[in-house]
Amino acid sequence: MRPRPGHPREGLIAFAGTVRRCALGRGATTVLKREGDGATPLAAMPLTGGYFRPRRAGRRPAARLDLAPIGADLGWCDAPSDRNYNRPVRLPYPASAERMRRDDHLYDVCLVLDWNLRPRRRGRGSAIFLHLARPGFAPTEGCVAVDRPTMARLLGLVRRGTRLVVTR
């Protein structure tokens, strides 16, 4: 995956002999990722698993990767000072945490990228996901986002440990 020429907040993701459009962070890409900067990290990030919305995604998506259903109480801690920083948590949670059951469709299918998971470094960024794109591939908060047909194709190809490599 690399930024689309002339469009630093969009990317081109290449896989299985095809190249597809994707959205990148509002802060473009960076080597020095920090919590809240809105940038997509330039890194090789293995897939660790993922989530899906049962009612929105339909039945469990066909995937070669473990996908867990997103329940109403699933969150992701984004508070660098919290012991569960960059980990899934149960909502309500006393520290800052993103709600995974969103009102929009972005996390109907959401794959977790191993960015700052092992080892975790406080403030280096949390919740770098591969998820569904907004209309027009509007920028993300630092994740990589693709359209539904691209996600469906990727789900049939990727497995735990498959790396998403973000380059310049």
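Scroll up a little and you will see the structure.
Residues numbered from 1 in each chain as written. Predicted model: local features only at pLDDT ≥ 70, side-chain atom pairs only at ≥ 80, totals over all residues. Heavy atoms only, no water.

**Q** Just to check I follow, could you spell out the layout of surface pockets for this structure?
**A** Where empty space is left becomes clear once a probe the size of a water molecule has been rolled over the atoms. In this structure, the largest pocket spans a volume of roughly 290 Å³. Residue lining of the largest pocket: 20 residues in total, with Glu-98, Ser-126, Ala-127, Glu-141 and Cys-143 positioned closest to the centre. The class makeup of the residues in the lining of the largest pocket is five nonpolar, six polar and nine charged. When its volume is computed, the second largest pocket comes out at roughly 200 Å³. Those elements that place two or more of their residues in the lining of the second largest pocket are β2 (7-15) and β14 (163-165). Split by residue class, the lining of the second largest pocket holds twelve nonpolar, one polar and one charged. (1 Å grid on protein atoms, 1.4 Å probe; cavity = no way out; pocket = protein on both sides within 12 Å on 5 of 7 lines; lining within 4 Å. Points joined across faces, edges and corners; volume = space filled by probe spheres on them. Nonpolar A, V, L, I, M, F, W, Y, C, P; charged D, E, K, R; others polar. Helix = DSSP H or I, 4+ residues; strand = E, 2+ residues; numbered from the N terminus.)

**Q** Explain the sheet that holds strand β9 (residues 88-90) here, please?
**A** Sheets are built from strands that pair by backbone hydrogen bonding, the pairs being arranged parallel or antiparallel. Read across the open sheet, the three strands follow the order β9-β8-β10; overall the sheet is antiparallel. One side of each edge strand has no neighbouring strand; the edge strands of this open sheet are β9 and β10 (97-99). For this sheet, the mean angle separating the axes of adjacent strands, direction not counted, is 45°. (Pairing = 2+ DSSP bridges. Axes fitted to C-alpha atoms, helices over the stretch in contact; angles between N-to-C directions.)

**Q** I keep staring at the nonpolar core and nothing clicks. Help me out?
**A** If you look at soluble globular proteins, the nonpolar side chains tend to sit buried side by side. Counting residues in hydrophobic clusters, the biggest one holds 27 residues, and the most contacted among them are Ile-13, Leu-111 and Met-151. Among the secondary structure elements, those contributing two or more residues to this core are β2, β6 (44-52), β11 (109-113), β12 (129-132), β13 (144-146) and α2 (148-155). Ile-70, Trp-76, Met-100 and Phe-129 belong to the second largest nonpolar core, which has 13 residues in total. (Core = buried A, V, L, I, M, F, W, Y, C linked by side-chain atoms within 4.5 Å. Buried < 20%, exposed > 50% of the residue type's maximum accessible area, 1.4 Å probe, protein only.)

**Q** Honestly, the pattern of salt bridges in this entry has me stumped. Any pointers?
**A** Any two side chains of opposite charge can pair if their charged atoms end up close together. By the definition in use, this model includes ten salt bridges. Taking the shortest distance from any N to any O, the salt bridge between Arg-26 and Glu-141 comes out at 3.0 Å. With Arg-26 in the loop between β3 (18-23) and β4 (29-30) and Glu-141 in the loop between β12 and β13, this pair connects stretches of sequence that are 115 residues apart. When the shortest N-O distance is used, the salt bridge between Glu-98 and Arg-102 registers 3.4 Å. Under the relative-accessibility criterion, Arg-102 is labelled buried at 19%. By sharing partners, the salt bridges in this structure join Arg-4, Glu-10 and Arg-21 into a single network. (Salt bridge = Lys/Arg side-chain N within 4 Å of Asp/Glu carboxyl O.)

**Q** Honestly, α2 in this entry has me stumped. Any pointers?
**A** What sets the pattern is the α-helix's 3.6 residues per turn: residues three or four places apart point alike. Taken together, the buried positions of α2 are Thr-150, Met-151, Leu-154 and Leu-155. The arc enclosing the buried residues of α2, seen along the axis, measures out at 135°, which places them on a common side. Buried residues along α2 sit against β2, β3, β7 (67-69), β11, β12 and β13. (Arc of directions from axis to C-beta. Contact = heavy atoms within 4.5 Å.)

**Q** Would you mind showing me how to read the pairing of strand β8 (residues 74-77) here?
**A** Every other side chain in a regular strand lies on the same face of the sheet, so the side chains alternate between the two faces. Going residue by residue along β8, you find Leu-74 and Trp-76 tucked away on one face and Gly-75 and Cys-77 tucked away on the opposite face as well. Bridge count between β8 and β9: three bridges; the pairing is antiparallel. Looking across to β9, one finds that Gly-75 is bridged to Val-89. Bridge count for β8 against β10 is three bridges, and the pairing is antiparallel. Its bridge partner being in β10, Gly-75 is matched across the sheet by Arg-99.

The values are spatial; any link to function lies outside them.
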